[in-house]
Amino acid sequence: MAHILLLPGDGIGPEVLDATSRVLGWFTQNRNFAASTETALVGGTAFETLGTPAPDETIAKAKAADAVLFGAVGGPQWDGLAFDKKPERGLLRLRKDLELFANLRPALCFDALKDASSLRPEIVAGLDILIVRELTGGVYFGEPKEITDLPDGQKRAVDTQVYTTSEIERIARVAFELARLRGKRVASAEKSNVMVTGVLWRQVVTRVHAAEFSDVELTHILADNCAMQLVRNPKQFDVIVTDNLFGDILSDEAAQATGSIGMLPSASLGAKDPATGKQASLYEPVHGSAPDSAGQGLANPIACILSLAMALRYSFARVDDAVLLEKAVERVLAEGYRTGDIMQDGMTKVGTDGMTDAILKALAALS
Ligand code: IPM
Ligand code: MG
């Protein structure tokens, strides 16, 4: 029996996770997927009830689960909190404590939405790239990370960018292995012209490639150029592997290129335990908590629902079910169902429930 932990979080998180639970329920009822779920607190909502955005019991439950489905965290009411109480700490602690070092962010342009991008349709039609972001190292977690007082009354803030050989090796391997299942091309993005972490990054990626993955094509690209190429000609890429901070930025940019950040799922994976085969995993939409539209039933649930598809594929080896769910989403888009964020002339506007109903109907029709 698969055990899935649901972490709805803040803003539209609970709404999109409810929608996703309904879809999960469809798979348990109709596709023999034996799964049980449990819900726990994270983010601002956890802070309100338990005084911390990352409660120990939530972390313990996440460690015990076979997969975590995460909604979103954050909201303006928590902006003034101390750094270690901010909702985002909940997500960052989960990533760190579960050692979810590999963040997979596909940027896929759905044919029905190619006119929704701020880029020209011919630039984005058929776009299918995968950003592999290192998620537990780099400047997000490097020490020292502090603000200190200087004798002259100023303050001094330090973040530390740090990478070790093994951290780079393991994320490079994930990228090369995934590239083998796709277009067999990896672009590695860093700033080796300015940063020594970039120099080491390039050396290690080059060595791993030569030793283990010479069947995959590797190119190196400076991260700023990569940002530019993503809006100039995003289809030149297959897999992009990059560090935590560049991955944060480049994945938002790639998401916008597809026209619909509300559509994009992500997976964060740990290492597979060689003895038990168990692998920590967390699945979440790329979008945030969208506090402005929270509680109104308007949120687009597709990114969260497609995150469930990634869970079916990567955590539960149910590739057929993942494909079925992705096809169902494609079908409702082709049928013209749109939430407000992706609304276009002549289409049928629906809310969170309406979109979920349509996806459930498409699942029934396709299976
Ligand atoms: C993301 C988000 C997070 C990050 C925030 C919410 C901490 O932007 O997952 O990309 O910076 O990693
Ligand atoms: Mg981000």
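What counts, and at which threshold
Residues numbered from 1 in each chain as written. Chains lettered and ligands numbered in written order. Predicted model: local features only at pLDDT ≥ 70, side-chain atom pairs only at ≥ 80, totals over all residues. Heavy atoms only, no water. Phe/Tyr/Trp six-rings, centres within 6.5 Å; stacked < 30°, edge-to-face > 60°. Buried < 20%, exposed > 50% of the residue type's maximum accessible area, 1.4 Å probe, protein only. Lys NZ or Arg CZ within 6 Å of the ring centre and 35° of its normal. Axes fitted to C-alpha atoms, helices over the stretch in contact; angles between N-to-C directions. Helix = DSSP H or I, 4+ residues; strand = E, 2+ residues; numbered from the N terminus. Parallel < 35°, antiparallel > 145°, perpendicular 65-115°, else oblique. Left-handed = near helix turned anticlockwise from the far one by under 90°. Contact = heavy atoms within 4.5 Å. Nonpolar A, V, L, I, M, F, W, Y, C, P; charged D, E, K, R; others polar. Near = heavy atom within 4 Å. Polar contact = N/O pair within 3.5 Å; in protein donor to acceptor, adjacent residues only side chain to side chain. Areas by Shrake-Rupley, 256 points an atom, 1.4 Å probe, with all protein chains shown as cover. Salt bridge = Lys/Arg side-chain N within 4 Å of Asp/Glu carboxyl O.

Draft legend 1. Quick look at the packing of aromatic side chains. Across all of its chains, the model carries five aromatic pairs by this definition. Ring centres 5.0 Å apart and planes at 80 degrees place the aromatic pair Trp 26 and Phe 27 in the edge-to-face group. According to the relative accessible area criterion, Phe 27 is buried, its value standing at 1%. The positively charged end of Lys 96 is found above the aromatic ring belonging to Phe 141, 4.7 Å away from the centroid. In this structure, Arg 170 packs its charged tip against the face of Phe 101, placed 4.2 Å from the ring centre.

Draft legend 2. Region of the structure containing the packing of helix α3 (residues 56-64) against helix α4 (residues 88-97). It is at 10 Å that the axes of α3 and α4 come closest, and there the two elements cross at 40 degrees. The angle between α3 and α4 falls in the class oblique. Of the two possible hands of crossing, α3 and α4 adopt the one that is right-handed. Here α3 contributes Asp 56, Ile 59, Ala 62 and Lys 63 to the contact with α4, which in turn contributes Arg 93, Leu 94 and Asp 97. Of the residues in the contact of α3 with α4, the class split is three nonpolar, no polar and four charged.

Draft legend 3. The arrangement of the site of ligand 1 in detail. The environment of ligand 1 is made up of Glu 88, Arg 95, Arg 105, Arg 133, Tyr 140 and Asp 248. At 2.6 Å, a side-chain N or O of Tyr 140 approaches an oxygen atom of ligand 1. Asp 248 places a side-chain nitrogen or oxygen 2.8 Å from an oxygen atom of ligand 1. Relative to its free-state accessible area of 320 Å², ligand 1 is covered by the protein chains to the extent of 75%. Split into classes, the residues belonging to the shell around ligand 1 amount to one nonpolar, no polar and five charged.

Draft legend 4. Geometry of the pattern of salt bridges. Tallied over the full model, the rule gives 22 salt bridges. Of the charged contacts in the structure, one is a salt bridge between Arg 95 and Glu 284, with a shortest N-O distance of 3.4 Å. Here the residue Arg 95 occupies a position in helix α4, and Glu 284 occupies one in strand β12 (residues 279-285), the gap between them amounting to 189 residues. In this structure Arg 95 comes out as buried when scored by relative accessible area, which is 5%. Using a relative accessible area of 5% as the deciding quantity, one classes Glu 284 as buried. The closest approach of N and O atoms between Glu 190 and Arg 202, which form a salt bridge, is 2.8 Å.

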